[in-house]
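Structural description and commentary
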Amino acid sequence: MSTIGENIRMYREQRKMSQQDLALKVRVGVATIQKYEAGEQIPDTSTILKICTALDVPASELLERADLSNPSGIDPEIEYLIKEIGVKRAKLILRKAKEFSEEDFLRVMQMLYELKYNKDQK
C-alpha cells in the first residue's frame, strides 16, 4: 500500500523532476519535499493542491492507495523501472541477481556504483 509521499516521489520521477524542481514550483524547501516523500510529514491540503498542479496529477490520483490503483499488486516503482529500462533488460538483471548471494550482490552493486561515478569524475 503506497502513501502520499510514495506517490509524490513516483509522479515526480516519472516527470523527470528533481526534488529541487518540485520544491521551487510548490514554493517549499527541498527538505520539506524530502520529508513528504519519506513519509515523515504529510502536506496540508493547499500544499497537496500545489503539488498536484506542479506534477499535473489529479489530487485523487496523488492521494490514491496502491492497492486501489494497482490491481496487479506489483510495486509501482518496480513497474515504472521495468518500463524505463525495458522488460528484456529487467528480466536479464533479475535472473542474474537471483544467482548471487546477498554479499556478492552488494559487492556487485558497489562495483557498479564505483564504475559509474569514477567515470563521471573523469
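In this numbering scheme, every chain counts its residues from 1 along its sequence in written order. With the structure being a predicted model, the display of local features is reserved for residues of pLDDT at least 70 and the display and counting of side-chain atom pairs for 80 or more, all residues being used for whole-chain, interface and lining totals. Values shown for side chains rest on all heavy atoms present in the structure; no hydrogens or waters enter the calculation.

What follows is about the nonpolar core. The definition of a nonpolar core used throughout is a set of buried Ala, Val, Leu, Ile, Met, Phe, Trp, Tyr and Cys residues joined through side-chain atoms within 4.5 Å. Only protein chains enter the area calculation, which uses a 1.4 Å probe; residues under 20% of their type maximum are buried, those over 50% are exposed, and those in between are partly exposed. Counting 17 residues, the largest nonpolar core has I8, Y11, L22, I51, L55 and L62 as the members making the most contacts within it. We count a stretch as a helix when DSSP gives it H or I for four or more residues in a row; a strand needs E for two or more, and each element gets its number in order from the N terminus. Top contributing element to this core by residue count: helix α4 (residues 45–55), with five residues. Contacts are assigned to residue pairs with any non-hydrogen atoms lying within 4.5 Å of each other. Leaving out residues up to four positions away in the same chain, I8 has contacts with L22, Y36, E37, P43, I51, L55 and L62.

The predicted model of the protein averages 85 in pLDDT, with 88% of residues at 70 or higher. Per residue, pLDDT measures the predictor's confidence, with a range of 0 to 100. Model confidence for the protein, summarised as mean pLDDT per element, is weakest for helix α6 (residues 66–69) at 46 and strongest for helix α2 (residues 19–26) at 96.

Those residues of helix α3 (residues 30–38) not exposed but buried are T32, I33, Y36 and E37. Along the axis of α3, the buried residues cluster in a sector spanning 135°; they form a single face. As for α3, its buried residues are in contact with α1 (4–14), α2 and α4. The first or second residue beyond α3 is G39, which carries a positive phi of 80°. The directions considered for the arc run from the helix axis to the C-beta atoms.

Attention now moves to the pattern of salt bridges. Should a side-chain nitrogen of Lys or Arg be within 4 Å of a carboxyl oxygen of Asp or Glu, the pair is scored as a salt bridge. Within the structure shown, the criterion is met by seven salt bridges. Two residues, E103 and R107, come together in a salt bridge whose shortest N-O distance is 3.0 Å. On the criterion of helical spacing, the pair formed by E103 and R107 is a turn pair, its members being four residues apart in helix α9 (residues 102–121). Note on E103: relative accessible area 55%, which makes it exposed. Among the residues examined, R107 registers a relative accessible area of 46% and is labelled partly exposed. Several salt bridges share partner residues, and in doing so they unite R9, R12, E13 and E37 into one network.

Okay, unusual backbone geometry next. The phi dihedral of K16 falls on the positive side, at around 55°, and the residue is not glycine. Following the sequence through the fold, K16 ends up in the loop between α1 and α2. In this structure, D56 takes a positive phi of about 55° despite not being glycine. For D56, the position within the fold is in the loop between α4 and α5 (59–63).

Axis definition: a line fitted to C-alpha atoms, over the contacting stretch in the case of helices. Angles run 0 to 180 degrees between N-to-C directions. Contact geometry of α2 with α3 gives a least axis separation of 8 Å together with a crossing angle of 110°. By the criterion of interaxial angle, the relationship of α2 to α3 is roughly perpendicular. Contact residues: α2 offers Q19, Q20, L22 and A23, while α3 offers V30, I33, Q34 and E37. Classification used: nonpolar for Ala, Val, Leu, Ile, Met, Phe, Trp, Tyr, Cys and Pro, charged for Asp, Glu, Lys and Arg, polar for all others including Gly. Considering only residue class, the contact of α2 with α3 consists of four nonpolar, three polar and one charged. Throughout this description, any angle smaller than 35 degrees is read as roughly parallel, any larger than 145 degrees as roughly antiparallel, any in the 65 to 115 degree range as roughly perpendicular, and the remainder as oblique.

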